[in-house]
Amino acid sequence: MFNKLVVALMPLVPRAIVKMISNRYIAGEDTASAIKTCQELQAQGFLTTMDILGESVTNELQANAGREEYLKLVSDVSKSDIEKNISLKPTALGLGISDKLAFDNISAIISKAHEKGIFIRIDMEDSPHTSKTIQIYKRLRAEFPRIGTVIQAYMHRSMDDVEAIATEGGNLRICKGIYKESAKIAFQDSQEIRQNFVSLIQEMLSRKAYIGIATHDLYLFDASLKLISDMNISPEMYEFQALLGVPIDKRLRELVDAGHRVRIYVPFGSQWYAYSSRRLQENPDIAGYVLKNLFIRN
Ligand SMILES: Cc1cc2nc3c(=O)[nH]c(=O)nc-3n(C[C@H](O)[C@H](O)[C@H](O)COP(=O)(O)OP(=O)(O)OC[C@H]3O[C@@H](n4cnc5c(N)ncnc54)[C@H](O)[C@@H]3O)c2cc1C
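Treat the numbers as computed from the prediction; the structure is a model and nothing was measured. (Residues numbered from 1 in each chain as written. Predicted model: local features only at pLDDT ≥ 70, side-chain atom pairs only at ≥ 80, totals over all residues. Heavy atoms only, no water.)

**What about the overall build of the protein?**
So, point 1. Along its length, the protein carries twelve helices and eight strands.
So, point 2. Within the protein, the fraction of its 298 residues that count as buried is 53%.
So, point 3. Of the contacts made within the protein by residues no fewer than 6 positions apart, 74% connect residues no fewer than 24 positions apart.
So, point 4. For the protein, the accessible area works out to roughly 14000 Å², and carbon and sulfur atoms hold 55% of it. (Helix = DSSP H or I, 4+ residues; strand = E, 2+ residues; numbered from the N terminus. Buried < 20%, exposed > 50% of the residue type's maximum accessible area, 1.4 Å probe, protein only. Contact = heavy atoms within 4.5 Å. Areas by Shrake-Rupley, 256 points an atom, 1.4 Å probe, with all protein chains shown as cover.)

**Points about the packing of helix H4 (residues 60–79) against helix H5 (residues 99–115)**
So, point 1. Remark: H4 packs on H5, axes separated minimally by 9 Å, with the N-to-C direction vectors making an angle of 10°. The angle between H4 and H5 places the two elements in the roughly parallel class. Contact residues: Glu 60, Ala 63, Asn 64, Arg 67, Tyr 70, Leu 71, Val 74 and Ser 75 in H4; Leu 101, Asn 105, Ala 108, Ile 109, Lys 112 and Ala 113 in H5.
So, point 2. Of the residues assigned to the contact of H4 with H5, the class counts are eight nonpolar, three polar and three charged. (Axes fitted to C-alpha atoms, helices over the stretch in contact; angles between N-to-C directions. Parallel < 35°, antiparallel > 145°, perpendicular 65-115°, else oblique. Nonpolar A, V, L, I, M, F, W, Y, C, P; charged D, E, K, R; others polar.)

**Observations concerning the pattern of salt bridges**
So, point 1. Within this structure, the stated rule accounts for 19 salt bridges.
So, point 2. Linking Asp 104 and Lys 100 is a salt bridge whose minimum nitrogen-to-oxygen distance equals 2.6 Å. Separated by four residues within a single helix, Asp 104 and Lys 100 lie in helix H5, roughly one turn from each other.
So, point 3. Judged by its relative accessible area of 58%, Lys 100 is exposed.
So, point 4. Between Asp 257 and Arg 253 there is a salt bridge; the shortest N-O distance is 3.0 Å. One end of the pair is Asp 257 and the other is Arg 253, both in helix H10 (residues 249–257) and four residues apart, which spans about a single turn. (Salt bridge = Lys/Arg side-chain N within 4 Å of Asp/Glu carboxyl O.)

**A closer look at the environment of Thr 31**
So, point 1. Mapped onto the secondary structure, Thr 31 falls in helix H3 (residues 31–43).
So, point 2. Each C-alpha atom of the pair Thr 31 and Leu 73 lies 7.1 Å from the other, and the pair is 42 residues apart in sequence.
So, point 3. Not counting the four nearest positions on each side in its chain, Thr 31 is found in contact with Met 50, Leu 73, Asp 76 and Phe 268.

**A word on the side chain of Thr 149**
So, point 1. Residue placement: Thr 149 occurs in strand S4 (residues 147–152).
So, point 2. In this structure the side chain of Thr 149 is engaged in a polar contact, spanning 2.8 Å, whose partner is the backbone oxygen of Ile 122.
So, point 3. Residue contacts for Thr 149: discarding those within four places in its chain leaves Arg 121, Ile 122, Met 124, Thr 133, Tyr 137, Ile 165, Asn 171, Leu 172 and Arg 173. (Polar contact = N/O pair within 3.5 Å; in protein donor to acceptor, adjacent residues only side chain to side chain.)

**Remarks on H5**
So, point 1. Along its 17 residues, H5 runs 24 Å from first to last C-alpha, staying within 8% of the 24 Å computed at 1.5 Å per residue.
So, point 2. Those residues of H5 that are buried lie in contact with H4, strand S2 (85–88), strand S3 (119–122), helix H6 (130–141) and S4.
So, point 3. Where H5 begins, the capping side chain belongs to Ser 98, and its oxygen is found 3.3 Å from the backbone nitrogen of Lys 100. (Expected span 1.5 Å × (residues − 1).)

**Quick look at the site of the ligand**
So, point 1. In the vicinity of the ligand, 23 residues are found, and the nearest of them are Met 124, Lys 176, Gly 177, Thr 215 and His 216.
So, point 2. Here an oxygen atom of the ligand sits 2.8 Å away from a polar atom, N or O, in the side chain of Lys 176.
So, point 3. Residue Gly 177 places a main-chain N or O atom 2.6 Å away from an oxygen atom belonging to the ligand.
So, point 4. Calculation on the ligand without its partners gives an accessible area of 920 Å², and the protein chains cover 83% of this total.
So, point 5. Looking at the shell around the ligand, the elements that each hand over two or more residues are S4, strand S5 (171–175), strand S7 (238–243) and helix H12 (285–295).
So, point 6. Taken domain by domain, the shell around the ligand gets at least three of its residues from each of domain 1 (1–26 + 274–298) and domain 2 (27–268). (Near = heavy atom within 4 Å. Domains from an automatic or database assignment.)

**Things to note about the confidence of the model for the protein**
So, point 1. The predicted model of the protein has a mean per-residue pLDDT of 90, with 87% of residues at 70 or higher.
So, point 2. Ignoring residues within four places in sequence, the model shows residues 294–298, a span with pLDDT below 50, making five contacts including any to other chains. (pLDDT = per-residue confidence, 0-100.)

**Some points on the packing of aromatic side chains**
So, point 1. Following the criterion strictly, the structure yields two aromatic pairs and no others.
So, point 2. A centroid spacing of 5.5 Å and a plane angle of 50° characterise the contact between Phe 221 and Phe 240, whose relative ring orientation is tilted. With a gap of 19 residues between them, Phe 221 in helix H9 (residues 218–230) and Phe 240 in strand S7 connect regions that are remote in the sequence. Grouping residues by exposure puts Phe 221 and Phe 240 together as buried.
So, point 3. Between the aromatic rings of Tyr 238 and Phe 240, the centroid separation amounts to 6.1 Å while the plane-to-plane angle is 85°, which identifies the pairing as edge-to-face.
So, point 4. Of the residues examined, Tyr 238 reaches a relative accessible area of 2% and is grouped as buried.
So, point 5. Its relative accessible area of 1% is what places Phe 240 among the buried residues.
So, point 6. In textbook terms, an aromatic cluster arises when at least three aromatic residues are bridged by ring pairs, as seen for Phe 221, Tyr 238 and Phe 240.
So, point 7. One Lys or Arg, Arg 139, reaches over the ring of Phe 103 and ends 3.6 Å from the middle of that ring. (Phe/Tyr/Trp six-rings, centres within 6.5 Å; stacked < 30°, edge-to-face > 60°. Lys NZ or Arg CZ within 6 Å of the ring centre and 35° of its normal.)

In structure tokens:
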């Protein structure tokens, strides 16, 4: 209720305050700032992936502009000393306008990234785009090995998706899922989502597919570590992933020190305001986290 109120009042909050709140989660407005953040994280032993903040676009011109922005990022990352890993959102590249447009734009980016030795992860958005995103991943994976996509543990369909696409050498991020989805297609209960998350990880590990365990839920850290240990999985087969700024630094540090890979998702870009507002509207609970982070830093 409180979080919903915060979201409803968002338009009244001055941009400068929203910026102050989002600063913790966003690595700046340009590529240079994001590369600097990645360098700092990598100096501390973390891996990184960069994401250009973008809203879902409404016409071909905007989708193509999104493609050009990503092509420039691929070029900038290839010239830098940071680890070569980028995430992208299909709706920022035309999914939702035309499947062909999205495919052409994503494949142009992945093809250039392939030349430069850069890994690309196709993020997963809301349910109207799930099947199409998986189709794009499957088509491109046949040609480009260094790509991955995302499976959301709250979706009922996810185990079927993992069974269909988690092959040896495949690469999937498992996360809970951030969008509001109906009870017809998605678990609503947090324990059910956790259980499905653990089952998906187990399935991925047993299929020898590379897995990104993307969560800040300490229960899931422990459950994943137990599976990894019980199944005797080598550290090259998985990584933990967290969003920049989420205050679980101590736990992430412990993981790195214990020899696990930990990747930080580093979003940046001029659309930080739209991104922050949209994230809050999609899931008002985030407002609670954001406010808490203003006062409690650990
Ligand atoms: C690297 C990464 C990539 C992701 N990619 C996608 C994607 O492609 N598609 C998609 O739908 N979702 C994506 N997500 C979001 C994900 O689906 C969840 O919505 C999000 O991670 C919150 O779930 P949780 O597992 O952290 O558990 P929760 O139960 O939501 O959180 C566990 C604890 O972590 C803390 N916490 C969680 N989030 C925050 C926050 N933002 N700020 C401060 N504290 C927080 C809270 O204290 C909470 O108690 C991604 C998440 C990560 C970490």
